[in-house]
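Understanding the architecture of this molecule
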Amino acid sequence: MLQSKSKWKLPEESNHNLADQLSSDLAIPLLVAKLLVVRGIHSKKQAEDFLKTENEMFHDPFLMHGMKETTTRIKKAIQAGEKLRIYGDYDADGVSSTTLMYFLLSKLEADFDYYIPDRFSEGYGLNLEAIQKAKKEGISLIITVDNGISAVDQIRYANELGMDVLVTDHHEPPEILPDSFAIINPKIPQCQYPYKQLAGVGVALKLAHALLGYIPDEFLEIASIGTVADLMPLTDENRLIVKLGIEKMKNTSFVGLRALLDVADVDSSNLSSMHIGFTLGPRINAGGRLQHAEDVVKLLTASSEDEAQKLAYELDVLNKQRQSLVNEITAEALNKIEETMESNSHKVIVVANEGWNIGVIGIVASKILEKYYRPVIVLHIDKETGLAKGSARSIAGFNIYSALSNCEPLLDHFGGHEAAAGLTMQETNISLLRNQLNELAVSWLTEEDYTPEIQADIESQLQEITIPVIEKMESMLAPYGSGNPSPNLVLKDLRILQKNRLGKEKQHLKLVLSQVFNEVSCSMEAIGFGKGDLDQYISTDAKVDVIGELSINEWNGMRKPQLFIKDIRIPNRQVFDWRNQQVDKFAKSIQQLKSRESMQLAILLDTEDHIRDFDKDMQAAESFYTLNDDGNLVQLNNNLTKLDTNIQVTDFVVYSIPNHIHLLESVFRKNQSIQRVYVVHKNKNQNALKGLPSREAFKNIYASLLNKNSWEINDQLFLGNLSKRSSLSKGMIQFMIGVFEELSFIQKEGNLYRCIKSPEKSSLESSNLYKQRWHQSEIEKIFEYSTTYEMTQWILNQIQTQ
C-alpha cells in the first residue's frame, strides 16, 4: 500500500450522452468532450461561445459604474494640459496596470508621470507623504491603478490639497468608500458590470477601451501578465484577455518583453499561461520584493534593446537572489517550527523572527503551508519600532480574513481575502494572536480539513491519451490558470514497466506506466517532480493509481504523451525483494524509510547479533524486533534486552528469518496494519545447512552406514567418500547421522558410531532434529529459493488470511 498525500475529489458521474453528442457535434475526441461537460459546457452553442475570441465578446466598458465620469475627467485634464500621475503598486498586477496606463496616456498625448510606492518604507497603496509630494510637483489629477479602494483618509487629504483622484481598482471594497472624483471597480455595490473578476490591469484595460472606443489589441499582452500573475480566474473577459494576449506575446513588439522572455529562456513560439505564472511573473515581482518596482515599469516601457536587455538581466539576477533568500528564510522558519513542535501542537502556525525580508515572507508562508497544510502566518519583527509585519496563507475551510477579523483588537492593520492576507501588529501580541487563531481552528476545522484536496476532472484510461487528443484539449481549454485549471485526470490500476529517480539530488520520480485494454497494451511516461523519495515505497510489481496533468514531451524530434504526477497511491499491500542488497545499501534504504511521516517500522531479527550490522545511529533506534514463541513481535531495546510491545506496524522488514515458518505466518496474520514488506534475509551462519535431504537420500546413506557397520566419529575420509557418492555435503551427512542416532538406528560407543542390527521402526518425523530441519527448510523454500512472485504471493496470502 501507499497512501495518497491528498484526497482525490472526482465530480459526480457525468452525462455520457451529453459527452457523446458533443463529441459528434464538434468532431472532437470523446475525452475532450467529457472535459467540456465537466466544466459546464453541455451544448454545441455553449462550446462555440466558450471558444470565441473576437473582440466583440468584450463587454461594454460604460456598463461599469463611474466610467463616464472617469473618462470625462481624463479628457478634460488632457485638453487643459494638467499634469497627471499614475499611482501604481509593486506587484505584477500593479506594475502591469501602471505600464498599460503609461502606454494609454502616451497614446492620448497626456502630460503625465507614474509613481510606485516603496514596499519597505511606504507599504501598499496611497500614503499621505506621496500625496503631499504630488502636490508640490504640480500634479492635479491622480489615477490609481490596482489600489485606492480603501484609501479613505488619503483621498480626503488629496481633496483638501485641491487634487482630484480617480480610483481604478479590483480589490474588495470596504463599507465606506473613499470620496474620490470617481471610482471604477466592478466589485462596488452600485456597479452593474456583468463580470466582477477582472484584475487591476483588467480594469485599466476597460478604461483604455472606453477612452479609445475599441479594445486596444496592443495592450492585451501587458494585461495578460497581471491577470495571470494575480491569480484571477481565467473565465469570461479574463480568458479573452489572456488567450489573445498570449498570441500577441508570441510575436511581441515590446522590446522589454522580448528581453524578459530571452533572459528567462522561454521559447515564445510555445508560450503559455504557465510561463507567465511561473517564469515571467516571479521575475517581475522580484523587482518590487527586493528593490523598487519602478525598474520593472522601465523595462516594460523600454524602447531601446540595450536598455531592455540590461534591465531584464538585472531582474533575472534579483529573481535568483529572491529564490536564495526564500530558501534561507524558509529553512530558518522550519527550524523554528520544528524546535517548538509547533507543526504538531498548533492547528495554525504563527512564526516570527527579526530581520526576515518583508518582501518574500508571503512566498515563505506558501512554502510552509505546502509542507504542513495548515494556516500559516510569517512575521518580520522590527525591534526598533516593536512592530511585526507579515503575510498569511490559509487552507480550504479556514477563511484567514474572517479569522483575523475575529482577532482585530490584537492587530494594528490587516487586509486580504479568504486564502491570503497581510497584517501589521505589535510584537507583544504575537502569542495572543497565535492562541486565538488556534482556538478558532479547533472550532472551525475538522481533522479531515488538514488533508489537502485535489479536484479531478475525470477518470480515464491510457488508451484514450494520444498526442492529437492532448493537442485538441490544449487548443480548446487553454489558457489554464485560476478558475480554469489544467485538467486533472485519474488513471487507475496501472502496472509499472520502469521506475527510476531523476535530478542532481535524485529528487524527481520517473515511471513508465502501462495498461492493457482489449488485449492491447498501452504505456506512457509519468514524471513526479519532488517525489523521488516515493521510490522506496513503490514496488515494480505494484499496481498504482495516479492523478495528474497531461502534456507532450518533445525530445530530439520525438513527441510523446506525458503525465505530470500530482499524487500517487497504491491500494494494495506490497512486497519488496531486497534479498540481493548489500548490508550498507540496505541500511541506507532503511534510514530513508524512517524519514517518512506516519509510518511504524519493524525490522525482524532472529538474533541480536544482527543489530551490529547497522551503524550506531541505527543501533540506537527503536526499530528492532524478534519473535516470541507465540509469534508476537517483541522489541529489542538499546541494551539488547527484550521488551514486550504492542505496535501498529506499517513497514515490516524481514532482515533475518526465524526457525519455524508458523512464527512468520503468525506475525503476518496478527499485524493486519502492515502495508509494505521488505525481504532482506541475511543469514549469519554462511556454513548453515541448506534444504532437507529426501527420504531416498536418508535410505541410501543408512544403507552405506549399515555396510560400514562402525566408524570413528570424526572419520573425515569416510565422510568424504559418502559425500562424493551421494552428492551431499559433509555437514548434511553429519546432520543425517544425528537423526539416525536420535531414532536409535545407530549409537555411540566411545569414539565410534555403531549401527544397531535390528532397530525399532521409527518415522523421520519422530526425530526432533529432523522436524527442526524440516521447519527450517520450509521457510527457506519461501525466502531463499523462491522467485519474487512466489514469495510475494505467500506473504500476501498470510496477511490476508485472518
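Quick caveat, the model's predicted, so the values are computed rather than measured.

What counts, and at which threshold
- Residues numbered from 1 in each chain as written.
- Predicted model: local features only at pLDDT ≥ 70, side-chain atom pairs only at ≥ 80, totals over all residues.
- Heavy atoms only, no water.
- Helix = DSSP H or I, 4+ residues; strand = E, 2+ residues; numbered from the N terminus.
- Expected span 1.5 Å × (residues − 1).
- Buried < 20%, exposed > 50% of the residue type's maximum accessible area, 1.4 Å probe, protein only.
- Pairing = 2+ DSSP bridges.
- Axes fitted to C-alpha atoms, helices over the stretch in contact; angles between N-to-C directions.
- Phe/Tyr/Trp six-rings, centres within 6.5 Å; stacked < 30°, edge-to-face > 60°.
- Lys NZ or Arg CZ within 6 Å of the ring centre and 35° of its normal.
- Salt bridge = Lys/Arg side-chain N within 4 Å of Asp/Glu carboxyl O.

Considering helix α16 (residues 361-372)
Under the 1.5 Å per step criterion, the end-to-end length of α16 is 16 Å for 12 residues, consistent within 8% with the ideal 16 Å. Regarding α16, the residues found buried are Ile361, Gly362, Ile363, Val364, Ala365, Ile368, Leu369 and Tyr372. Looking at the residues trailing α16, positive phi occurs at Tyr373, about 45°.

Quick notes on the sheet that holds strand β27 (residues 746-749)
Spatially, β26-β28-β27 is the arrangement adopted by the three strands of the open sheet, whose pairing is antiparallel. The sheet is open, and its two edges are formed by β26 (710-712) and β27, each paired on a single side. If you compare each strand with its neighbour and ignore which way they point, the axes differ by 25° on average. Inspection of the sheet shows β27 paired to strand β28 (residues 752-755) by four bridges, in the antiparallel sense. Its bridge partner lying in β28, Glu749 is registered against Leu752.

Considering the sheet that holds strand β6 (residues 182-184)
Pairing in this open sheet of five strands is parallel, and the strands run β3-β2-β4-β5-β6 from one edge to the other. The two strands at the open ends of the sheet, each matched to only one other strand, are β3 (111-115) and β6. Recorded for the sheet is a direction-independent mean angle of 20° between the axes of neighbouring strands. Both strand β4 (residues 141-145) and strand β5 (residues 164-168) contribute to a ladder of five bridges, which runs parallel. Counted as the bridge partner of Ile142 is Val165 from β5.

Observations concerning the packing of aromatic side chains
Counted under the stated rule, the structure contains 23 aromatic pairs. Both rings, one in Tyr87 and one in Tyr115, keep their centres 5.4 Å apart while their planes meet at 35°; by these two values the pair is tilted. Residue Tyr87 is found in strand β2 (residues 83-87), and its partner Tyr115 is found in strand β3; the two are separated by 28 residues along the sequence. Overall, the relative accessible area of 1% leaves Tyr87 in the buried class. Where Phe740 meets Phe745, the ring centres are 6.1 Å apart and the plane angle is 20°; that geometry is what we call stacked. Note on accessibility: Phe740 and Phe745 belong to one class, buried. These aromatic residues form a ring-pair network of at least three members: Tyr102, Phe103, Phe112, Tyr114, Phe219 and Phe254. When the ring centre of Phe181 is taken as origin, the NZ or CZ atom of Arg73, which lies over that ring, is 5.8 Å away.

Quick notes on the pattern of salt bridges
Oppositely charged side chains can pair when the atoms bearing their charge come close. As enumerated under the stated definition, the model contains 35 salt bridges in all. Measuring nitrogen to oxygen at the nearest pair gives 3.5 Å for the salt bridge that ties Glu464 to Lys34. Highlighted residues: Glu464 in the loop between β13 (458-460) and α19 (467-477) and Lys34 in helix α2 (residues 30-38), separated in sequence by 430 residues. Of the two residues, Glu464 and Lys34, both sit in the buried class. The salt bridge partner of Arg773 is Glu780, with a shortest N-O separation of 2.6 Å. Through salt bridges with shared partners, a single network forms among Lys45, Asp49 and Lys52.

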